[in-house]
Amino acid sequence: MTGVFEGFSLRRIDVGEAVLRVRIGGAGPPILLLHGHPRTHTTWHRVAPLLATDHTVVCPDLRGYGESSKPGDYSKRAMARDFVHLMSGLGYERFAVAGHDRGAAAAIRLALDHPAKITKLAVLDGLPIGAHLQRCDARFARSWYHWFFLAQQELAAAMIIENPDLFYGGRYHDTPLAMGVENWADFQRAIHDPETVLAMCGDYRAGLEVDRQHDDEDRANGRKIACPVLALWAAKDDLGELYEDLPAVWAEWADDVQVRSIDCGHHMAEEAPVELVRELRTLL
């Protein structure tokens, strides 16, 4: 995939509990980019080269996703450990992180569990899992039904594997043109791999179980994100419709937080890369 990640290296890095497929490029202060479901690290192909002009950009497949290994524990706490070991192994003891969707949940947990490691946090179309579930109502369940379906891990995976294109093709109407041909191909390989589908469902099971527990414990203990936070939501998706006052939600989790929208759909790294990079630069 040199055409879209020109100048980036592609590596398999053992982080102890998992082996991550990682794309690395650029030079300068480090930033870790974490993709969402059901994407892989290639979702960043329009963003990473722009940031790499003055940053070292590290884009892994989350454990369970893409071509990273599938160790069975898909809690965001375990993912956070992966990223600490990944960045430390690359020589970075402090770094910025941006996460989208499920990657946002992992990035939030990384900032909560390892505050000394994180300089800045960008959350793209996401909230802490506990914040969602605390407010869960019929409207949330109807709009984000997939959280509860996918959490039935073995059953959901068995049903999806029968027809991945039906499930994954219907929610966002993804196309090779919109995603980029190479990114689309990587996405297709992921959703047609039964082990990856099972692992992605395991991510959602962890979300309703141990991840929710960890978020609730932090909230009960008054623990907040220590670093500056930029929370961006997609104006053409439904996060802003579900929660009328996103700054108020975020105020429960961070003191130094900016909340803004981008005029695009859910997959903002693919749909609005230039505007996204501009917003990330204001944080960095």
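Residues numbered from 1 in each chain as written. Predicted model: local features only at pLDDT ≥ 70, side-chain atom pairs only at ≥ 80, totals over all residues. Heavy atoms only, no water.

Novice: Can you walk me through the packing of aromatic side chains in this structure?
Specialist: We describe a pair of aromatic rings using the distance from one ring centre to the other and the angle between the two ring planes. Inspection of the entire model under this criterion finds eight aromatic pairs. Here Phe5 and Phe8 contribute two aromatic rings whose centre-to-centre distance is 5.4 Å and whose plane-to-plane angle is 70 degrees, an arrangement assigned as edge-to-face. Ring geometry for Trp144 versus Trp147: centroids 5.6 Å apart, planes at 50 degrees, classification tilted. The class for Trp144 is buried, based on a relative accessible area of 8%. When its relative accessible area of 7% is taken as the criterion, Trp147 is described as buried. (Phe/Tyr/Trp six-rings, centres within 6.5 Å; stacked < 30°, edge-to-face > 60°. Buried < 20%, exposed > 50% of the residue type's maximum accessible area, 1.4 Å probe, protein only.)

Novice: Looking at this structure, I do not really get the packing of helix H2 (residues 76-89) against helix H3 (residues 102-113). What am I missing?
Specialist: Axes are the key here: two packed helices are described by the angle between their axes and the distance separating the axes. Between H2 and H3, whose axes approach to 8 Å, the crossing angle comes to 75 degrees. The orientation of H2 with respect to H3, classified from their angle, is roughly perpendicular. Each of Lys76, Arg77, Met79, Ala80, Phe83 and Val84 in H2 lies in contact with H3, whose residues at this interface are Arg102, Ala105, Ala106, Arg109, Leu110 and Asp113. Of the residues assigned to the contact of H2 with H3, the class counts are seven nonpolar, no polar and five charged. (Axes fitted to C-alpha atoms, helices over the stretch in contact; angles between N-to-C directions. Helix = DSSP H or I, 4+ residues; strand = E, 2+ residues; numbered from the N terminus. Parallel < 35°, antiparallel > 145°, perpendicular 65-115°, else oblique. Contact = heavy atoms within 4.5 Å. Nonpolar A, V, L, I, M, F, W, Y, C, P; charged D, E, K, R; others polar.)

Novice: Help me understand the nonpolar core, please; the structure alone is not making it clear to me.
Specialist: The tendency in soluble globular proteins is for nonpolar side chains to be buried side by side. If you look at the biggest cluster of nonpolar residues, it comprises 64 residues, and the most contacted ones within it are Leu32, Phe83, Leu110, Leu121, Ile225 and Trp250. Sort the elements by how many residues they give to this core and H3 lands first, with eight residues. Filtering out sequence-adjacent residues up to four positions away, Leu32 remains in contact with Val58, Pro60, Phe83, Leu86, Met87, Phe95, Ala96, Val97, Ala98 and Leu110. Within the second largest apolar cluster, 28 residues are counted, among which are Leu33, Ala96, Ala122 and Ala272. (Core = buried A, V, L, I, M, F, W, Y, C linked by side-chain atoms within 4.5 Å.)

Novice: Can you walk me through the sheet that holds strand S7 (residues 229-234) in this structure?
Specialist: A sheet is described by the order of its strands in space; here eight strands give the open sequence S1-S2-S4-S3-S5-S6-S7-S8, paired in mixed fashion. At either margin of the open sheet sits one strand with a lone partner, and together these are strand S1 (9-14) and strand S8 (257-262). Between one strand axis and the next, the sheet turns through 20 degrees on average, direction left out of account. In this structure, strand S3 (residues 30-34) lies alongside strand S5 (residues 95-100), joined through four bridges in parallel fashion. Bridging across to S5, Ile31 finds its partner in Ala96. Sheet strands in contact with H3 are S3, S5 and strand S6 (118-124), and its direction is about 145 degrees off that of S5. (Pairing = 2+ DSSP bridges.)

Novice: Sorry if this is basic, but what is going on with empty space enclosed by the protein here?
Specialist: By the definition in use, this model includes four cavities of 30 Å³ or more. Of the voids in this model, the largest cavity is the one considered here, and its volume is about 300 Å³. Lining the largest cavity are 25 residues, with Asp101, His146, Trp147, Tyr204 and His266 sitting closest to its centre. When residues of the lining of the largest cavity are traced back to their parent elements, those giving at least two are H3, helix H4 (129-134), helix H6 (145-150) and helix H8 (164-170). (1 Å grid on protein atoms, 1.4 Å probe; cavity = no way out; pocket = protein on both sides within 12 Å on 5 of 7 lines; lining within 4 Å. Points joined across faces, edges and corners; volume = space filled by probe spheres on them.)

Novice: Help me understand the pattern of salt bridges in this model?
Specialist: Inspection of every chain in the model, using the stated rule, returns 26 salt bridges. The partner of Glu67 in a salt bridge is Arg12, and the shortest N-O contact between them spans 2.4 Å. Here Glu67 is found in the loop between strand S4 (56-60) and H2, whereas its partner Arg12 is found in strand S1, with 55 residues between them in sequence. Take Glu67: its relative accessible area is 37%, and that puts it in the partly exposed class. Classification of Arg12 as partly exposed rests on a relative accessible area of 46%. (Salt bridge = Lys/Arg side-chain N within 4 Å of Asp/Glu carboxyl O.)

Novice: I tried to follow H2 on my own but got confused; where do I start?
Specialist: Side chains that are three or four residues apart share a direction in an α-helix, a result of its 3.6 residues per turn. Over its 14 residues, H2 extends 20 Å from the first C-alpha to the last, a length consistent with the 20 Å expected when each residue adds 1.5 Å. Of the residues one or two after H2, Gly91 is the one with positive phi, at around 100 degrees. (Expected span 1.5 Å × (residues − 1).)

Novice: In this structure, what is going on with the packing of helix H7 (residues 153-162) against helix H11 (residues 194-220)? I would like to understand it.
Specialist: Closest axis-to-axis distance for the H7/H11 pair is 9 Å, and the angle between their directions is 140 degrees. If you check the angle between H7 and H11, you find them oblique. For the pair H7 and H11, the crossing hand works out as right-handed. Here Gln153, Glu154, Ala156, Ala157, Ile160 and Ile161 of H7 lie close against H11, whose contacting residues are Pro194, Val197, Leu198, Cys201, Gly202 and Arg205. (Left-handed = near helix turned anticlockwise from the far one by under 90°.)

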